[in-house]
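The lines below spell out each chain.
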Amino acid sequence: MDKAAVLFLTLANLFWAGNYLFGAALAPVISPGALTTVRWWIAFMVLWPFVKREWARPGSPGPQAIRRRFGGLVFLAVTGVGGYGFILYEALHHTSPVNASLISGINPALIAALAAIWQGNRISALQVTGLIVSLAGVVVVVSRGDWSVLAGLRLNPGDWLMLLCVLLWAVYSLYVPRVQREVGTMATAWVTSGIGAVIGLIPAALDWNLQALPITWVGLAYIGVFASVLAYVCWNAGVMRIPAGQAGIFMNLLPVFTLFMAMLLGQPVRMVQWLGGALVVAGVTLTLTAGRSRKGRDSGEPGAEAST
């Protein structure tokens, strides 16, 4: 397994864990459209110096690649940046973090399934086992081991929005390597951030609410830099290195990191939740092991069959 990909994908979910916490905290003081717009404008400005540096390197595709793949960049901005971000924040206005986290646990399986359908990627029994174990861990972490929490779940409008988010993110993850390979990592993030900010202007114009409180500025700074620039650059770099069907399993680390951050903020954490976190890590490891074993078989490496 590519160690750099593991690091990138892990960091992306670490940064996104804070996005869930701040997104929920900011819900009363900033509207989803305003948050989407400001978030991506911050990212757009922060990324610009890195884009110039990327273009200055020999062999860089340069700005002309943006013109060639502009349609694809707009598609990425709608599915994984501006459109996705707005729908996510709107969902957090109508559903609980528990529901949102459980629904997001579907992401790895959906990405793997779409990769199998669209790209012909095979899913091994070990990968399926890893997905199931990891999802079980998500359920334990989010429910805190209290099964009455699951029994009391009811779908509401926010949950349907979260399901749409899951679908959009799966499509984004499968498509971004194709565009990024031509445009470049930083340039892809920069252009999609700018388009995402423009997308956010539409709902923001209909419902603009931004209360100038300390939590607002702290939250916007975190979401704009860590959850937008760093997280997306890391995720996009990760899915360039390993197939999206394998990368998707890292999404189940999100509730584990959210749990850890909540603990640092003084919220109580039960032992059974740490057990759930261990299940998530075990599921991720199983899935990655299956992907490495299959890659070895496909490339004809000696002993690859014995490693399964």
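What counts, and where the lines are drawn
Residue positions are given per chain, counting from 1 as you read along its sequence in written order. Totals for whole chains, interfaces and linings use every residue, but because this is a predicted model, local features are given only for residues with pLDDT of at least 70 and side-chain atom pairs only at 80 or more, for both listing and counting. Each side-chain value is worked out from all heavy atoms of the structure, with water and hydrogens disregarded. Axes here refer to lines fitted to C-alpha atoms; in helices the fit is confined to the stretch in contact. Angles between the N-to-C directions go from 0 to 180 degrees. A run of H or I in DSSP counts as a helix once it spans at least four residues, and a run of E counts as a strand once it spans at least two, with each numbered from the N terminus. An angle below 35 degrees is read as roughly parallel, one above 145 as roughly antiparallel, one from 65 to 115 as roughly perpendicular, and any other as oblique. Two helices crossing with the near one rotated counterclockwise from the far one by less than a right angle form a left-handed crossing, whereas a clockwise rotation gives a right-handed crossing. Contact definition: two residues touch when any of their heavy atoms are within 4.5 Å. Each residue gets one of three labels, nonpolar for Ala, Val, Leu, Ile, Met, Phe, Trp, Tyr, Cys and Pro, charged for Asp, Glu, Lys and Arg, and polar for the others, Gly among them. Think of a salt bridge as a Lys or Arg side-chain nitrogen and an Asp or Glu carboxyl oxygen that are within 4 Å of each other. Think of pLDDT as the predictor's per-residue confidence, scored from 0 to 100.

### Quick word on the packing of helix α9 (residues 157–183) against helix α10 (residues 185–206)
- The interhelical angle for the contact between α9 and α10, taken along N-to-C directions, is 115°, at an axis separation of 7 Å. Here α10 runs roughly perpendicular to α9, going by the angle between their axes. The crossing of α9 and α10 is right-handed. Contact residues: α9 offers V176, V179, Q180 and V183, while α10 offers T185, A187 and T188.
- Here the residues of the contact of α9 with α10 sort into four nonpolar, three polar and no charged.

### Examining the pattern of salt bridges
- Here the structure, examined in full by the defined rule, presents two salt bridges.
- The partner of D2 in a salt bridge is R241, with the nearest N and O atoms 3.3 Å apart. Here the residue D2 occupies a position in the segment before α1 (3–26), and R241 occupies one in helix α11 (residues 214–241), the gap between them amounting to 239 residues.
- For E182, the salt bridge is made with R69, and the minimal N-O distance between the two is 2.8 Å.

### Digging into the packing of helix α7 (residues 125–143) against helix α13 (residues 254–264)
- Axis separation between α7 and α13 bottoms out at 9 Å; the angle between their running directions is 25°. As the angle between them shows, α7 and α13 are arranged roughly parallel. The interaxial crossing formed by α7 with α13 has left-handed handedness. Between α7, through V138, V141 and V142, and α13, the contact on the second element is made entirely by P255, V256 and L259.
- Split into classes, the residues belonging to the contact of α7 with α13 amount to six nonpolar, no polar and no charged.

### Digging into the confidence of the model for the protein
- Across the protein, the average pLDDT comes to 84, with 90% of residues at 70 or higher.
- Low pLDDT, under 50, characterises residues 297–308; the stretch is placed with nine contacts to residues that sit more than four places away or in other chains.

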